[in-house]
Amino acid sequence: MILVLQKNTPEPAIRQLLAQLALQNVKGGCVAGETSILLPLVGETWRLDPAALQALPYVQEARRLTPAYHLAARSAHPENTVVPVGDVRVGADFCLIAGPCAVESAHQIQTVAAAVKAAGAVMLRGGAFKPRTSPYTFQGLEKTGVDLLVQAGRTAGLPVVTEITDISQLDLLADVDVLQVGARNMQNYTLLKALGQLRRPVLLKRGLSATVEEFLLAAEYLLSGGNEQVILCERGVRSGVSAARAALDVSAIPVLKRATHLPVLVDPSHAAGRSELVLPLALAAAAAGADGLMVEVHDRPACALSDGGQSLTCRQFRELSAAVTALLPYAWRPDTF
Ligand code: PEP
Ligand code: MN
């Protein structure tokens, strides 16, 4: 980080500022220029808040040179992080995750599990605790839903991913392979801190209007607790102008891949909101370098209790899987970042 101070800053004020920074394990130098005084800072600068520093007397500007998300940053960890989930190596091999928005019945989840496995999915998704916009809509089967999901995953030979909306659900989710933090909870820092204490894979979705930096700082909550098994998932942001449910931020995929070593998945379904948009968004995401996709699939989308409009039929998912697989050799995948 570099601080730019007014040219007339008295020396005692500079000494006091450097002494305060030293308490936060930050050391600084001092270079007097023609129009200002520069303080280059080194050490644990991620602890510093540029806005707070800029509010101090004599400080004209505080500029970061390294990201605040220092554990998530690729600069600190050049190799891709690989999160093992059963036989799946998320971050190394392209992975397709598929399943219904919500687990609704044993028949539904078993039918979808078998179909998506046959079509090439390597993980099964299904919500049991659903964070719905309206309290009057289907809220998920909760414990029963988790049990049905785990059972269907075992039968089909697929690890399972489901959303955790509160840390009190952890015991019920003991047999779940990947805990999902939904877009609405990306900034639930209490939940993130608790999940940071675990040593289990967490799939963190981007908040509805989160910047890439906010997204990576949310991941930093997990990493700074010691949980290194973090998977990111772009799922579209609110733009106010998108004709789809959300604007899939395709550019965030290469931006994230450069900024962080964590795997970057994409959920085209929640961005699309309509089933006919899912395939083009999935292809765009794969081409832009995503490490995998998470897609909503239902055996009878018209009867789905949640997100039926954006759910693919099992057959449509088979077609998506084939199309994405055919595209992968041409996808953006640099050797070095
Ligand atoms: C989901 O994946 O089930 C979900 C609710 O997605 P999001 O949190 O991205 O809205
Ligand atoms: Mn959904």
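Presented here is an overview of the structure given in this document. These figures come from a predicted structure and were not determined experimentally.

## Description of the packing of aromatic side chains
Under the definition given, this model contains two aromatic pairs. Seen from their ring centres, Trp332 and Phe337 are 5.9 Å apart, and the 75 degrees between their planes marks the pair as edge-to-face. Given a relative accessible area of 28%, Trp332 falls into the partly exposed group. Exposure remark for Phe337: the relative accessible area of 34% places this residue in the partly exposed category.

## Examining helix α5 (residues 189-196)
Since the α-helix turns once every 3.6 residues, residues separated by three or four places project in the same direction. Residues of α5 that are buried include every one of Leu191, Leu192, Leu195 and Gly196, and no others. Here the buried residues of α5 occupy an arc of 140 degrees about the axis, which is enough to place them on one side. For α5, exposure combined with an orientation more than 90 degrees from the buried face picks out Thr190 and Lys193. The inward-facing, buried residues of α5 contact β11 (178-181), β12 (202-205) and α6 (212-224).

## Description of the site of ligand 1
Taken together, Arg125, Lys130, Glu163, Gln180, Gly182, Ala183, Arg184, Lys205, Arg235 and His270 make up the full set of residues adjacent to ligand 1. Between Arg125 and ligand 1, the recorded distance is 2.8 Å, taken from a side-chain N or O atom to an oxygen atom. A distance of 2.7 Å separates an oxygen atom of ligand 1 from a polar atom in the backbone of Ala183. Contact with the protein chains hides 96% of the accessible area of ligand 1, taken as 300 Å² for the molecule alone. In this structure, ligand 1 is accommodated by the largest pocket. Of the residues belonging to the shell around ligand 1, the class tally is one nonpolar, three polar and six charged.

The rules behind the values
- Residues numbered from 1 in each chain as written.
- Chains lettered and ligands numbered in written order.
- Predicted model: local features only at pLDDT ≥ 70, side-chain atom pairs only at ≥ 80, totals over all residues.
- Heavy atoms only, no water.
- Phe/Tyr/Trp six-rings, centres within 6.5 Å; stacked < 30°, edge-to-face > 60°.
- Buried < 20%, exposed > 50% of the residue type's maximum accessible area, 1.4 Å probe, protein only.
- Helix = DSSP H or I, 4+ residues; strand = E, 2+ residues; numbered from the N terminus.
- Arc of directions from axis to C-beta.
- Contact = heavy atoms within 4.5 Å.
- Near = heavy atom within 4 Å.
- Polar contact = N/O pair within 3.5 Å; in protein donor to acceptor, adjacent residues only side chain to side chain.
- Areas by Shrake-Rupley, 256 points an atom, 1.4 Å probe, with all protein chains shown as cover.
- 1 Å grid on protein atoms, 1.4 Å probe; cavity = no way out; pocket = protein on both sides within 12 Å on 5 of 7 lines; lining within 4 Å.
- Sits in = over half its atoms within 2 Å of the grid points.
- Nonpolar A, V, L, I, M, F, W, Y, C, P; charged D, E, K, R; others polar.

Without other data, these values stay purely geometric and don't point to any function.
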